[in-house]
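Coordinates in review
This is what each chain is made of:
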Amino acid sequence: MRRVVVTGVGALTALGADADALCQALNRGESGIRHLDTPWAGQLTSSLAAPVTIPVADRFTKLRRLMLDRVSQLSLLAAGEAVVQAGIDFSGDDGLDCGIFWGTGMGGAHTLEQAYLESLHNPEARPRPSTIVMFMANASTGQIGIEFKIRGPSHTHSAACSSSAVAIGEAFMAIRHGRVRYAVAGGGESLLTLGVMRAWESLQTLARPDPEHPETSCRPFAKDRSGFVLGEGAAALLLESEETALARGAPILAELVGYGNTTDASHITQPDVGGQARAIRQALDQAGMVPEDIHHINAHGTGTRVGDLHETRAIKTVFGPWATKIPISATKALHGHVMGATGAVEMVAALGALRSGIVPPTAHLAEPDPECDLDYVREGARHLPGIQTIMSNSFGFGGNNVVLVATAYR
Amino acid sequence: MSSSLPVIQAMLIEEFGLTAEQVQPESELSALGVDSLATVEFMFMLEDKFKLKMTGEPVPIKTVGEIAREVDRMLAEQSPEGS
């Protein structure tokens, strides 16, 4: 089996235009959460969100963006950052040996909502001809192929909050087992539309806005936590086999070594400690590691009452006494819940911690829930110079649990 | 001289970011990066602009001039005088 290494990362989030901006903002404890100022924000119970605020559409020609929903624009920019960092050109034969593994929860939500709005308000209106190819779930996947001439297998994963973590895990397996030598893996999400946000409000999992400091409203593992804040963004990894990276002299950022993926088979929204624990164990087993080998966890940590409690219990179940020794960060407090992209965003954050030796904080955690009694790095970013191994948890509606493990390359 | 050509050229420049030099009547759309789907998108824009109703039947259009000819034909068909 091949070793799988990371040679490029990319991220476009509420915290900035690239992966470095994300990691640095996380370490500073900066929040991308704010009240939306869109014309329809007043129709929401809470207009809190973590939007990408840098100009995005302008990065594409008018002709190109005619076919690109915002989610594809975000996806292309994040994937582009990873490809450029890896220093590889897929327009030649390498493009035949590269797969695309992309996750998204809702695909082109803006396009679909616009088409519905027009059609429902005016029976005479015809949706734009590009509507289908802009909102279909695999639109970003196909557009990444077109942009970078990647012509190997393509996979679109939709597993709610774990979508892009599944994508990274499956890309890892494809390279590990020799199906492809390269993969662009990650995900994108852009669902900050009136209809989608109202639907989320009805589900009653969103954070109650803090009246004075709205940017602190998402408080994972805190006693006063009340839910998450919807975000948007995209993140990507360029994965390749160790041998191709060494052969072309590419700088190796990290090695991907473990992937766990389980299904709760119990409830469509309620997380299950057993299912999460099995995914963590699977990832550790595949990595050939014991609990003491894990130096940092980027938690799923959404800030919901039941979610944080169950994740804490799952970590304790697998790690035993070592659970209290692991610095655990829930970065959704700052970049929001990026849904289908969140696994990839958090993997980029965790890889940033691995590379820099600085673990980001779990922000806004003034008073922990007594039942959430692990080390959540609540004091601020922590220097961890000896960090060698990271884990990233992503647990999605539908009962899908995905865990990724990476190490420093040596 | 097509009555719709100048408007169509201006719209191609505005909507697709093309230049005046690129949108000559004989210019091939595919060479400008305007593929078949973008052409259909553009025809929908023209429907709104000229208050036309297209039949939904595919029309073979390869050049900027052919767009104008098609729009002129529909304008003639669908104007009160043309009916």
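Described below are features of the structure shown in this document. What you are looking at is a predicted structure, and each value in this text was computed from that prediction instead of being measured.

Basis of the calculations
- Counting restarts for each chain, with residues numbered from 1 along the sequence as it is written.
- Numbering of ligands from 1 and lettering of chains from A proceed in the order in which they are written.
- In keeping with the model being predicted, local features are shown solely for residues with a pLDDT of at least 70 and side-chain atom pairs are shown and tallied solely at 80 or more, while totals for entire chains, interfaces and linings include all residues.
- Runs of E in the DSSP output that reach at least two residues are strands. Runs of H or I that reach at least four are helices, and both are numbered from the N terminus.
- C-beta atoms are first placed from the backbone for all residues, and any pair lying within 7 Å is then listed as a contact.
- Partly exposed residues are those falling between the two cut-offs: more than 12 but fewer than 20 other C-beta atoms within 10 Å of their own, whereas 20 or more means buried and 12 or fewer means exposed, with C-beta atoms placed from the backbone.
- Note on pairing: DSSP must find at least two bridges between two strands before they are called paired.
- Between the N-to-C directions of two axes lies an angle of 0 to 180 degrees, each axis being a line fitted to C-alpha atoms and, for a helix, fitted only over the stretch in contact.
- Oblique is the label for any angle not covered by the other classes, which are roughly parallel (under 35 degrees), roughly antiparallel (over 145) and roughly perpendicular (65 to 115).
- Side-chain classes follow a simple rule in which Ala, Val, Leu, Ile, Met, Phe, Trp, Tyr, Cys and Pro form the nonpolar group, Asp, Glu, Lys and Arg form the charged group, and the remainder, Gly included, forms the polar group.

On to the environment of A:R176, then. Residues and elements named next belong to chain A. Relative to the helices and strands, R176 is located in helix α7 (residues 163-176). Remark: the alpha-carbon pair of R176 and V257, spanning 81 residues in sequence, is separated by 9.4 Å. Setting aside its immediate chain neighbours within four residues, R176 contacts M1, R2 and V4.

All right, on to the pairing of strand β14 (residues 400-407) of chain A then. For a regular strand, the rule is simple: side chains alternate between the two faces of the sheet. Residue and element names in this part refer to chain A. Counting buried positions over the 8 residues of β14 gives 8, a clear majority of the element. Alternating residues of β14 divide into N400, V402, L404 and A406 and N401, V403, V405 and T407, and every residue in both groups is buried. Both strand β8 (residues 254-263) and β14 contribute to a ladder of 8 bridges, which runs antiparallel. The partner of T262 across the bridge, within β14, is N401. Where strand β13 (residues 389-396) meets β14, 8 bridges bridge the pair, whose relative direction is antiparallel. Residue pairing in the sheet places S394 in a bridge with V402 of β14.

With that out of the way, let us pick up the packing of helix α1 (residues 19-28) of chain A against helix α13 (residues 342-356) of chain A. Residues and elements named next belong to chain A. Running from N to C, α1 and α13 cross one another at 75°; their axes reach a closest spacing of 9 Å. Relative to α13, the element α1 is oriented roughly perpendicular. Between α1 and α13, the residues in contact are A19, L22, C23 and L26 and V348, A349, G352 and S356, respectively. Taken together, the residues of the contact of α1 with α13 sort by class into 6 nonpolar, 2 polar and no charged.

Residues and elements named next belong to chain A. One open sheet accounts for 10 strands, arranged β5-β4-β6-β7-β1-β8-β14-β13-β9-β10; its pairing is mixed. Of all strands in the sheet, those bounded by a partner on one side alone are β5 (154-157) and β10 (328-329). Where strand β9 (residues 296-298) meets β10, 2 bridges bridge the pair, whose relative direction is parallel. Within the sheet, the bridge partner assigned to N298 lies in β10 and is S329. Against the sheet, helix α10 (residues 273-287) touches β8, β13 and β14, its axis set at about 145° to β8.

To continue, consider the pairing of strand β4 (residues 98-103) of chain A. All names here are of chain A. The buried fraction of β4 is high, at 6 of 6 residues. Residue alternation in β4 divides its side chains into two sets, C98, I100 and W102 and G99, F101 and G103, and both sets are buried. Where β4 and strand β6 (residues 182-189) come together, 6 bridges link them in parallel fashion. In the strand pairing of β6, F101 is matched with A185. Pairing between β4 and β5: 4 bridges, direction parallel. Within β5, the residue paired with I100 across the bridge is S154.

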